[in-house]
Amino acid sequence: MREIVLDGTFEEYLQSQGFPESYWEPLTALHAIYPTWQFEAVHTGLDWNEAVAAESRPGVKLAYRTSPSHYIDWNDPYIDTGRDGYWWVQASKNIIAYYMDARNFLRDPYIFMFESQSYNPQTQTVEGVEAIIGHSFMKAENTFVVDEVTYTHAQAIMIAAEQSGVSAYHLASRMLQEQGTNGSRLSLGTVPDYEGYYNYFNIGAYPHSGKDSEINGAEYAVKAGWDNQLEAIVDGAKFLGNSYINAGQDTVYFQNFNVVSANAPYTHQYMTNVQAGETEAQTLREAYNEVSVQNALVFRIPVYENMPADPTPQFAAKWVQDETG
């Protein structure tokens, strides 16, 4: 392993930002490779243990049922039925703490969960968007027509980014995260009884009022008037911009863990999947080639009060015994 030598000037910068020393080594390693990157400490003012407890409330953060055992709270009363359909179950408190602890992700590619999600026309291109979605149902050959104009999904995403102020790469990776490689009935406009209505960002798609996620997502699309792909993408992007990014939740991390809203922390969170930030960071990183990644990207990284001295381990003590024997 290469020895990391602290750059005195950069160390002073980290100190001026208020990063605890436990953040310095990984950030210095990134700085050595990408000297133009900017790291901003976001001081949440929240107590670490209180924040973890709040995010561990039942139903707030979920894990997929086939995840490793230590990801799941096996004592949850809904373990047999799931909390959003059978496959989504309560995440364990320890794994929630692991994903909340930014120090576990201060390396490439996971650092991209902290990338500022504002639109930047200097670094975000239609080719970069194609690099994210080109292997999916949104690939270039799957065009659509609106008002006699033919669009690719990448073109629609660039239009949405310009109008919403949201990163084109964030929009592309979020759509892929929400809809999967093959798409869903919400993004394909094929929900029974709601054909021809689209919802790429799964806005409103959560179980409530006795209806499942898909039906509620489709009904949201109908009310919004999203009867073509372009409107669904552009208006969905504006929703994200107005509701999240332009309101301070401008990174994947802060949308997953809302620790920046002073009046209502731990609410207004876009994703329940505890792993979403990790997987979306990898997708975002893939959008950058070796030239564009050298640009002055901004990463906004959370710092809590009374954090443990060392990063939270993925395995709590009891799981080390249970899973390793």
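Residues numbered from 1 in each chain as written. Predicted model: local features only at pLDDT ≥ 70, side-chain atom pairs only at ≥ 80, totals over all residues. Heavy atoms only, no water.

Colleague: Just to check I follow, could you spell out the confidence of the model for the protein chain for this structure?
Modeller: The predicted structure's coordinates, where accompanied by low pLDDT, should not be read in detail. In the predicted model, the protein chain carries a mean pLDDT of 92, and the fraction of residues at 70 or more is 94%. Counted against residues more than four places away or in other chains, residues 319-325, with its pLDDT under 50, gives 11 contacts. (pLDDT = per-residue confidence, 0-100. Contact = heavy atoms within 4.5 Å.)

Colleague: Please clarify how the packing of aromatic side chains should be interpreted in this entry.
Modeller: Aromatic rings considered in pairs are described by the distance between their centres and by the relative angle of their planes. Summed over all chains, the structure comprises 26 aromatic pairs. Here W37 and F39 contribute two aromatic rings whose centre-to-centre distance is 6.5 Å and whose plane-to-plane angle is 75°, an arrangement assigned as edge-to-face. When sorted by exposure, W37 lands in the same class as F39, which is buried. Seen in terms of ring centroids, W37 and F299 are 4.7 Å apart; in terms of plane orientation they differ by 50°. Their pairing is tilted. (Phe/Tyr/Trp six-rings, centres within 6.5 Å; stacked < 30°, edge-to-face > 60°. Buried < 20%, exposed > 50% of the residue type's maximum accessible area, 1.4 Å probe, protein only.)

Colleague: Would you explain the pairing of strand β6 (residues 298-305) in this entry?
Modeller: Every regular strand shows the same layout, with side chains that alternate between the two sheet faces. Here β6 lies mainly inside the structure; 6 of its 8 residues are buried. Here 7 bridges tie strand β1 (residues 38-47) to β6, and the two strands are oriented parallel to one another. Bridging across to β6, V42 finds its partner in P302. (Helix = DSSP H or I, 4+ residues; strand = E, 2+ residues; numbered from the N terminus. Pairing = 2+ DSSP bridges.)

Colleague: Looking at this model, I keep getting lost on helix α9 (residues 213-224). Mind explaining?
Modeller: In an α-helix there are 3.6 residues to a turn, and that puts residues three or four apart on one side. Along its 12 residues, α9 runs 16 Å from first to last C-alpha, staying within 8% of the 16 Å computed at 1.5 Å per residue. In the core, the buried residues of α9 are packed alongside α8 (185-188). One side-chain oxygen of the residue at the start of α9 lies 3.3 Å from the amide nitrogen of E214, identifying that residue as D212. (Expected span 1.5 Å × (residues − 1). Polar contact = N/O pair within 3.5 Å; in protein donor to acceptor, adjacent residues only side chain to side chain.)

Colleague: Honestly, a negative patch on the surface in this entry has me stumped. Any pointers?
Modeller: A surface patch of like charges, here negative, comprises D147, E148, D227 and E231. With respect to the helices and strands, the residue E231 is situated in helix α10 (residues 229-243). (Patch = residues over 30% accessible without salt bridge, like charges linked within 9 Å, V, L, I, M, F, W, Y side chains within 5 Å. Areas by Shrake-Rupley, 256 points an atom, 1.4 Å probe, with all protein chains shown as cover. Salt bridge = Lys/Arg side-chain N within 4 Å of Asp/Glu carboxyl O. Lys, Arg positive; Asp, Glu negative; His and termini not counted. Charge placed at Lys NZ, Arg CZ, Asp CG, Glu CD.)

Colleague: Please explain the side chain of R65 as it appears in this structure.
Modeller: If you trace the backbone, R65 turns up in the loop between β2 (62-64) and β3 (88-90). Despite its burial, R65 pairs with no opposite charge; the closest candidate is D80, at 5.8 Å N-O. Side-chain polar atoms of R65 contact the backbone oxygen of I79, separated by 2.7 Å. Residue contacts for R65: discarding those within four places in its chain leaves I72, I79, D80, T81, G82, Y86, W87 and V89.

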